[in-house]
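# Observations on the model geometry
So you can see what is in the structure, the chains are spelled out below.
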Amino acid sequence: MTFPAVLFRCIRFLFYLILALSACFCIVFTCLIFSAAQDLPKLPSPLSRIIEIPPTEIYGAQGEMLISLGGRESIPLSMVSSDFINAVVATEDHRFFQHHGINKLRTIKALFITLFKPGEIQGASTITQQLAKNLFFSFEQSFLRKFKELLIALQIESTCTKREILNVYINQIYFGAGAQGVEKAAQIFFGKSAADLAVGEASLLAGLPKSPTRYNPYNHYDRALNRRNTVLQRMVAVGYITEPEAANVRSTRPELYADHADGRTGSYFIDAVIHELVKKYGEEIVFHGGIKIFSTLDSKLQAAADTCLKNGLNRLDRLMGLETDDRPKPQGALVAVDTASGAVKAMIGGRDYYTSEFNRAINSHRQPGSGFKPFLYYTAMEKLGLHGASPIVDEDVTIDINGAPSWHPENFGKYHRGQIILKNALIHSVNTIAAKLVEKTGPDAVIQTAKACGIESPLENVYSVVLGTSGVTCLEMASAFAAFATGGVRHAPFLIWRIEDSFGRIIEEHLVQGEKKLDPETVFQTIDMMKSVIDRGSGRSIRDAGFTRPAAGKTGTTDNFNDAWFTGFTPSLSTSVWTGFDKRKKLETQNHAGITGGRAAAPIWADFMKEALADEPERHFRVPASIRFETASGITGCAADNNVTENVFSIPLKQNQTLCWENK
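Residues numbered from 1 in each chain as written. Predicted model: local features only at pLDDT ≥ 70, side-chain atom pairs only at ≥ 80, totals over all residues. Heavy atoms only, no water.

Attention now moves to the overall build of the protein. Assigned secondary structure in the protein consists of 22 helices and 20 strands. Going through the 664 residues of the protein one by one, you find that 53% of them count as buried. Here the analysis covers contacts within the protein between residues at least 6 apart in sequence; of these, 70% occur between residues at least 24 apart. Of the roughly 30,100 Å² that the protein leaves accessible, carbon and sulfur atoms contribute 53%. (Helix = DSSP H or I, 4+ residues; strand = E, 2+ residues; numbered from the N terminus. Buried < 20%, exposed > 50% of the residue type's maximum accessible area, 1.4 Å probe, protein only. Contact = heavy atoms within 4.5 Å. Areas by Shrake-Rupley, 256 points an atom, 1.4 Å probe, with all protein chains shown as cover.)

As structure tokens, then:
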């Protein structure tokens, strides 16, 4: 066969191949359009009805509305500064007046990323396409959804003028600080109408929608100015302003409106809910998606937590002699978790939200001190076969560590009790005995127990971890101790029961699923010790405060008195309280005596739990069927003489355990 004939056949083959591929593409594309068009939402008339979406609402556990987010103040385009319009167009979609709803280059790039980079869904982000998103309150990020948005964008462009599109867009974008739409943003940030915005103000506002929280000028002024400068650069590039004009604006620092309504929620709990939602779904959905969030918050418990924490911190101020001067005052946090589900019923992250919005309940990692010891005692009983009456000697301890200085822990009060039983050691929070136990179990085993219960903060794999030298949060402690209250069943803490879209369809729902993490018998033995901490140990201020229900818990105080804790639980509610200074500083009385968790945090816990459980019947911890009780001496661990009433303890034992075990 001659070369021209071979070449002709190759060309003909390529022609038919291209023809076939083109036909397949057309068929696939037609099917895609047909499929996508089946359930496209109807374009509203007039277009401005796109933004007629109810505000997002957050509800409490009893169905009461806690807060409404969003709401717009719509104005015509003629009442908006031309500088703002130019700034938005230059920043968001500089070819807005030239394209027909789709930026072709951006779209090709977005399709490539979506198709060839699994897990990434990229949008083309013209103003029209961003507007089209508001017809889709689906939380699914998929190629089909993006394609539907593209079709809607084409429909919008074919039926509406550019001014109509732009008018709806600037009235629906979210600027942060509760500002939905340009008019509300102008009023909140500058105390003026959108028509009166100068270039500097307009460019600052135009930069906020990219990330309203990150660029909020009330919280991050310099960051907002840097973003403004980027907007000015875009305006120069497009030709809306000259470089000298931009340089003049860059040299100014706009004055924010002092009496602004900043949109703060006033609640640490609600802030935490919003943060969780924004992280998962984005600010656009959260602030103008018209969704309904049904939270776990018990308003009665939240109010009690707020009052009890404030009152407790005021008592602490008086104890420290701080109530009448301007010196920094200690802060606090409280979290209450339902033991049966993990639902967070109350969360207070500081003494005054409007003074400091920093949520110490979930964002502050502080050393728990001896509050960490229950994880050690559970581990020691499980791994070493010990029980509450196991005798152990409180004495000077030095542990050699390879490649590091020896560890020489000291007791609070710097004295030793000699031989005592394990239960008594936890009651009095004896550090040397904790050191002996962790030397036998190893710190890693204790860390695994803590993580099984729900501690997620990094824990350093060192012996001293059992004395609470690694930072944790209040939420973690309340949730982790709840695993003891349930007999070893772990429920992850959560803030939201259910989310519905604007049509009442359920988008997300929390299903309670507990996971057995600990041995129920050993858990009960740990609870028994923790009950005695409250009844006759470092947490006895709980009883002094008038809380009489069955409860278990543990105080925590760091060596330098920087942190004072009490975390405890009843069968139904687990609560953790932390007190201390934000900038680590010793908690001490006017006589310079250190203040412990039993004195600072435990009374707050008692006051809160009295109110929180006032309407509930008294409940006792469930005793595993295989557990039996015997009376033992607090020194020897052997059966106590019937005539002895002091230093005697009731000890829960498993079937294979006996008193005075060391002598047998």
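This is not the end of the story, as more comes after the structure.
Turning our eyes to something else, we now look at the sheet that holds strand S1 (residues 56-59). Two orientations exist for strands paired in a sheet by backbone hydrogen bonds: parallel and antiparallel. Pairing is mixed across the open sheet formed by five strands, whose spatial order is S2-S1-S5-S13-S14. On the outer flanks of this sheet lie strand S2 (65-69) and strand S14 (506-509), each paired with one strand and no other. Strand-to-strand twist across the sheet, computed as the mean angle between neighbouring axes with direction ignored, equals 15°. When S1 meets strand S5 (residues 292-295), the two strands line up parallel, connected through three bridges. Paired with Ile58 across the bridge in S5 is Ile293. Sheet contacts for helix H11 (residues 268-281): S1, S2, S5, strand S13 (496-500) and S14; angle to S13, the most-contacted strand, approximately 55°. (Pairing = 2+ DSSP bridges. Axes fitted to C-alpha atoms, helices over the stretch in contact; angles between N-to-C directions.)

The next point concerns the state of the cysteines. Disulfides are covalent bonds that link the sulfur atoms of two cysteine residues. Under the definition given, this model contains one disulfide. Here Cys638 connects covalently by a disulfide to Cys660, the sulfurs 1.7 Å from one another. Taking the torsion about the sulfur-sulfur bond, which here is approximately 40°, the covalent link between Cys638 and Cys660 counts as right-handed. Of this pair, Cys638 sits in the loop between strand S19 (628-633) and strand S20 (648-653) while Cys660 sits in the segment after S20, and the two are 22 residues apart along the sequence. Here the two residues Cys638 and Cys660 agree in accessibility, since each one is buried. (Disulfide = S-S within 2.5 Å.)

Time to look at the sheet that holds strand S17 (residues 563-569). The five strands lie next to each other as S7-S6-S18-S17-S16, forming an open sheet whose pairing is antiparallel. A single partner strand is all that each edge strand has here, and the edge strands are strand S7 (344-348) and strand S16 (552-557). In this sheet, neighbouring strand axes are inclined to one another by 5° on average, regardless of whether the strands run parallel or antiparallel. Summarising the sheet, S16 and S17 pair through six bridges and their orientation is antiparallel. Residue pairing across strands places Lys554 opposite Thr567, the latter belonging to S17. Across the sheet, helix H19 (residues 520-536) is in contact with S16 and S17; its angle to S16 comes to roughly 65°.

Okay, H11 next. The end-to-end C-alpha separation of H11 is 20 Å, in line with the 20 Å expected for 14 residues at 1.5 Å each. Taken together, the buried positions of H11 are Tyr268, Phe269, Ile270, Ala272, Val273, Ile274, Leu277 and Tyr281. Capping the start of H11, Ser267 holds a side-chain oxygen 3.2 Å from the backbone nitrogen of Phe269, two or three residues further along. Following H11 by one or two positions, Gly282 has its phi on the positive side, about 95°. (Expected span 1.5 Å × (residues − 1). Polar contact = N/O pair within 3.5 Å; in protein donor to acceptor, adjacent residues only side chain to side chain.)

Quick look at the nonpolar core now. Most often, soluble globular proteins keep nonpolar side chains buried together rather than apart. Counting residues in hydrophobic clusters, the biggest one holds 80 residues, and the most contacted among them are Phe375 and Phe484. Counting residues per element, this core draws most heavily on helix H18 (residues 474-485), at nine residues. When residues no more than four places from it in sequence are discounted, the contact partners of Phe484 are Pro374, Phe375, Tyr378, Cys453, Leu518, Val523, Thr526, Ile527 and Phe569. Grouped together as the second largest cluster of nonpolar side chains are 48 residues, Val80, Leu131, Tyr221 and Leu225 included. (Core = buried A, V, L, I, M, F, W, Y, C linked by side-chain atoms within 4.5 Å.)

Of note in this structure, Lys414 is not a glycine but carries a positive phi near 60°. With respect to the helices and strands, the residue Lys414 is situated in the loop between strand S10 (404-407) and strand S11 (418-421). By relative accessible area, which is 64% here, Lys414 ends up exposed. The phi angle at Ser429 is positive, at roughly 50°, despite the residue not being glycine. Checked against the element boundaries, Ser429 lands in the loop between helix H15 (422-427) and helix H16 (431-441).

With that settled, consider the packing of aromatic side chains. Counted under the stated rule, the structure contains 18 aromatic pairs. Ring centres of Tyr268 and Tyr353 lie 5.2 Å apart, and the angle between their planes is 80°; on these two criteria the pair is classed as edge-to-face. Here Tyr268, found in helix H11, pairs with Tyr353, found in the loop between S7 and helix H14 (373-384); they are 85 residues apart in sequence, far enough to count as distant. Residue classification places Tyr353 among the buried residues on the basis of a relative accessible area of 5%. Geometrically, the ring pair formed by Phe547 and Trp605 is edge-to-face, given 5.3 Å between the ring centres and 75° between the ring planes. On the criterion of sequence distance, the pair formed by Phe547 in the loop between helix H20 (541-544) and S16 and Trp605 in helix H22 (residues 602-612) is long-range, its members being 58 residues apart. Comparing Phe547 with Trp605, the two get one shared label, buried. An aromatic cluster is present here, built from Phe372, Phe375, Phe481, Phe484, Phe569 and Phe621 joined pairwise through their rings. Note that Lys162 overlies the ring of Phe96, its terminal NZ or CZ placed 4.4 Å from the centroid. (Phe/Tyr/Trp six-rings, centres within 6.5 Å; stacked < 30°, edge-to-face > 60°. Lys NZ or Arg CZ within 6 Å of the ring centre and 35° of its normal.)

We now examine the side chain of Thr567. Mapped onto the secondary structure, Thr567 falls in strand S17. Taking relative accessible area as the criterion, Thr567 reaches 1% and is therefore assigned buried. At 2.8 Å, the side chain of Thr567 forms a polar contact with the side chain of Ser576.

This part is about the pattern of salt bridges. Within the structure shown, the criterion is met by 22 salt bridges. Residue Arg315 is joined to Asp607 by a salt bridge in which the shortest nitrogen-to-oxygen separation is 3.3 Å. Note that Arg315 is positioned in helix H13 (residues 299-320) and Asp607 in helix H22, a separation of 292 residues in sequence. Among the residues examined, Arg315 registers a relative accessible area of 31% and is labelled partly exposed. Salt bridges linked by common partners bring Arg315, Asp607 and Lys610 together as one network. (Salt bridge = Lys/Arg side-chain N within 4 Å of Asp/Glu carboxyl O.)

Time to look at the environment of His408. Position of His408 among the secondary structure elements: in the loop between S10 and S11. Residues His408 and Ser464 lie 56 residues apart in sequence; the distance between their C-alpha atoms is 9.7 Å. With sequence-adjacent residues up to four places away left out, His408 is seen in contact with Asp396, Val397 and Thr398. A polar side-chain atom of His408 sits 3.2 Å from a polar atom in the side chain of Asp396.

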